[in-house]
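# Topology and contacts: notes
Letter by letter, the chains look like this.
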Amino acid sequence: MTTTKRKPIGLAWQILIGLILGITVGGVFYGNPHVAEWLKPIGDIFIRMMKMIVVPIVFTTIVLGVSSVGSPKSLGRLGVKTLGYFTIVTMIAIFTGLFAANLVEPGAGINMSTLDKTDISTYVETEETTQDAGLVDKIVNIVPTNILDAMVRGDMLAIIFFSVLFGLGVGFAGEKGQPVVRFFEGVAAAMFNLVNIVMKFAPIGVFALIGVTVSTFGIESLGSLFKLIATLYVTALLFMVVVFGAIMKWVGIRVSDFTRIFKDELLLTYSTASSETVLPRIMEKLEKMGVPKSIVSFVVPTGYSFNLDGSALYQALAALFIAQMYGIDLSIGTQLTLVFVLMLTSKGMAAVPGVSFVVLLATLGTVGIPAEGLAFIAGIDRIMDMMRSVVNVTGNTLASLVIAKWEGVLDEDQLETFMSTEGKKDDVRSA
């Protein structure tokens, strides 16, 4: 008698089950403080496990990628194209958020006396710290005085800066630099294997994180802010289908194919509200799709500081929501000023905790919107962060494909092969 081998459950299904169980447990035990006491440490451990991998992978992959680029001229061209693309798409995201806010007016007619205020003093302190440092200081701080200190603090811009220069140094060393290259190839391989090990705990981490969120916040507590949440979710989905969909068509990939290939990463991003948790797996998949390592290792980490499309869309929407809530009518000129200020303040701030709130605190006052209005929406920030993180990850993933196509180095045969084979089956190794 022969027995059929049972097919393992794919990672996406495991995460989905964890998500559903987390919502169920959180809903059943809503208001019970012991749920957060028991589950929060589990969720925090998973997030920490993923974050501990990010810096070593970013450092090693950038060094390997840049060392293989060749001349500084080629790297400079890649940098200009990358930042130019980031700027254009971010601007479209901001205008999309403004358009949605003007069309739906989610903040109109809200009685602020019925809303709960959340303490935002932590964000205010962070914003004041960042405001104390002027533009020149921010540029100077990109250059680390101690790379180990920058790594400990997770200062991604400083890490990228050092990694690029180190990679150029390795590349210029020629044959003498090959032992260094082989060393970093070994480190990178070990770190990606570590990612696969850590990802086995993803469903448990998702269960814990969602359970804490639902048990603390609850579903019925949305109240008057449901319109804001719904506007963000619908707008973000339309932005991904229409704007990202048009870009994907130019690259040569359908939205359905992209979603199927990256379903594990997108679901994990949504569940954890963290973009960093999926960075290693995205970089690994992009290389398998035919994007050169030199582009993946430069574009993806840089995008985590300069290409936050979901955050930009949300910031524009939230700014107008608060203005509408206070009955402030912003003219077209003022809204254009808001676009300009958001473009400036949102760049290079990904490493700052609560980046979207910090950016809004730094922006609202410049266009006459009361910054204290953020206290009314801080309580639902995690729910909105889940969706904007998905947009951020989608935008950064797509950016590597775009730049590779633009540079004429995208292996379209490998892309087609990957979509027709690897993309159609669950990643059994990660399951």
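All of these numbers come straight from a predicted model, not from anything done at the bench.

What follows is about the UniProt feature "transmembrane region" (unreviewed entry) in the protein. If you check UniProt for "transmembrane region" (unreviewed entry), the listed places come out as residues 12–31, 52–71, 83–104, 156–174, 232–253, 317–343 and 355–378 in our numbering. For residues 83–104, the end-to-end C-alpha separation is 32 Å, with 100% helix and 0% strand making up the annotated structure.

Among the secondary structure elements, glutamine 315 is positioned in helix α15 (residues 309–325). Counting along the chain gives 45 residues from glutamine 315 to leucine 360, while the straight-line C-alpha distance between them is 6.4 Å.

Another aspect to go through is the environment of phenylalanine 258. Within the secondary structure layout, phenylalanine 258 lies in helix α11 (residues 255–261). In this structure, phenylalanine 258 is in contact with Met248, Ile253, Thr394, Thr397, Leu398 and Leu401, ignoring residues within four places of it in sequence.

Now for the packing of aromatic side chains. Using the criterion set out here, one finds ten aromatic pairs in the structure. Among the aromatic residues, ring-to-ring pairing joins Phe59, Phe162, Phe166, Phe183 and Phe184 into one connected group. For the cation-ring pair, arginine 388 lies above tyrosine 314, with the distance from its terminal atom to the ring centre recorded as 4.3 Å.

For asparagine 307, the location among the structural elements is in the loop between α14 (293–306) and α15. Given the relative accessible area of 0%, asparagine 307 is considered buried. In this structure the side chain of asparagine 307 is engaged in a polar contact, spanning 3.5 Å, whose partner is the backbone oxygen of glycine 395. Setting aside chain neighbours within four positions, we find asparagine 307 in contact with Phe86, Thr90, Thr302, Asn392, Gly395, Asn396 and Ala399.

Right, let's talk about the nonpolar core for a bit. Counting 128 residues, the largest nonpolar core has Tyr85, Phe244, Leu286, Met289, Ile377, Leu398 and Leu401 as its most contacted members. Those residues in contact with methionine 289, other than ones at most four positions away along the chain, are Ile253, Ile261, Phe262, Leu401, Leu410, Asp411, Gln414, Leu415 and Phe418.

Moving on, we come to unusual backbone geometry. Its identity is not glycine, yet glutamate 105 carries a phi of approximately 50 degrees, on the positive side. The topology assignment puts glutamate 105 in the loop between α3 (72–104) and α4 (121–132). Residue glutamate 105 is classed as partly exposed on the basis of its relative accessible area, which comes to 40%.

With their axes 7 Å apart at the nearest point, helix α2 (residues 33–69) and helix α7 (residues 156–172) run at an angle of 35 degrees to one another. Note that α2 runs across α7; the crossing there is right-handed. Of the residues in α7, those touching α2 at Val54, Val55, Val58, Phe59, Ile62, Val63, Val66 and Ser67 are Met156, Ile159, Ile160, Phe162, Ser163, Val164, Phe166, Gly167, Leu168, Val170 and Gly171. Residue composition of the contact of α2 with α7, grouped by class: 15 nonpolar, four polar and no charged.

Under the criterion given, the structure shown has 13 salt bridges. The closest approach of N and O atoms between aspartate 149 and arginine 153, which form a salt bridge, is 2.9 Å. Separated by four residues within a single helix, aspartate 149 and arginine 153 lie in helix α6 (residues 147–153), roughly one turn from each other. One salt bridge in this structure joins lysine 405 and glutamate 412, with 2.9 Å as the shortest N-O distance. Judged by its relative accessible area of 25%, lysine 405 is partly exposed. Taken together, the shared-partner salt bridges in this structure form one network comprising Asp264, Glu265, Arg281 and Lys285.

Quick look at the packing of α2 against helix α13 (residues 279–288) now. Contact geometry of α2 with α13 gives a least axis separation of 9 Å together with a crossing angle of 35 degrees. When α2 is examined against α13, the residues Ile53, Ile57, Val58 and Thr61 are found in contact with a partner set consisting of Leu279, Pro280 and Met283.

The predicted model of the protein has a mean per-residue pLDDT of 82, with 85% of residues at 70 or higher. Of all the helices and strands in the protein, α4 carries the lowest mean pLDDT, 48, while helix α10 (residues 226–251) carries the highest, 94. Overall, residues 426–431 carries pLDDT values under 50, and its contacts beyond four positions in sequence, including any with other chains, amount to 19 contacts.

Judged by how many residues are buried, helix α12 (residues 263–272) sits mostly within the fold: eight of ten residues are covered. Taken residue by residue, α12 has Asp264, Glu265, Leu266, Leu267, Leu268, Thr269, Ser271 and Thr272 as its buried positions. Alanine 273, located one to two residues past α12, shows a positive phi value of around 55 degrees.

Rules behind the numbers
Residue indices begin from 1 for each chain and proceed along its sequence in written order. Local features in this predicted model are restricted to residues whose pLDDT is 70 or higher, and side-chain atom pairs enter the listing and the counts only when it is 80 or higher, whereas totals over whole chains, interfaces and linings include all residues. Hydrogens and water molecules were not included; the side-chain quantities draw on all heavy atoms of the structure. UniProt positions are given in the numbering used here, feature names are shortened, and annotations may be inferred rather than shown by experiment. To qualify as a helix, a DSSP run of H or I must reach at least 4 residues; to qualify as a strand, a run of E must reach at least 2; elements of each kind are numbered from the N terminus. When checking whether two residues touch, look at their non-hydrogen atoms; a contact exists if any pair is within 4.5 Å. In this analysis, rings of Phe, Tyr and Trp, with Trp reduced to its six-membered ring, are considered paired at centre separations within 6.5 Å, and the interplanar angle assigns stacked below 30 degrees, edge-to-face beyond 60, and tilted for intermediate values. Two conditions define a charge located above a ring, namely a distance within 6 Å from the ring centre to NZ of Lys or CZ of Arg, and an angle within 35 degrees of the ring normal. The buried label applies to any residue whose accessible area, calculated with a 1.4 Å probe on protein chains only, is under 20% of its type's maximum; exposed applies above 50%, and partly exposed to all values in between. Counted as a polar contact is a pair of N or O atoms within 3.5 Å, where, for protein atoms, one must be capable of donating a hydrogen and the other of accepting one, and residues adjacent in sequence contribute only when both atoms are in side chains. Buried residues of nine kinds, namely Ala, Val, Leu, Ile, Met, Phe, Trp, Tyr and Cys, make up a nonpolar core once their side-chain atoms join them within 4.5 Å. Interaxial angles span 0 to 180 degrees and are taken between N-to-C directions of axes, which are lines fitted to C-alpha atoms, for helices over the stretch in contact. Helix crossings fall into two classes, left-handed where the near helix is turned counterclockwise from the far one by less than a right angle and right-handed where it is turned clockwise. Polarity classes work like this: nonpolar for Ala, Val, Leu, Ile, Met, Phe, Trp, Tyr, Cys and Pro, charged for Asp, Glu, Lys and Arg, and polar for all others, with Gly in that last group. Salt bridges are identified by distance alone: a Lys or Arg side-chain nitrogen within 4 Å of an Asp or Glu carboxyl oxygen. The pLDDT score gives, residue by residue, the confidence of the prediction method on a 0 to 100 scale.

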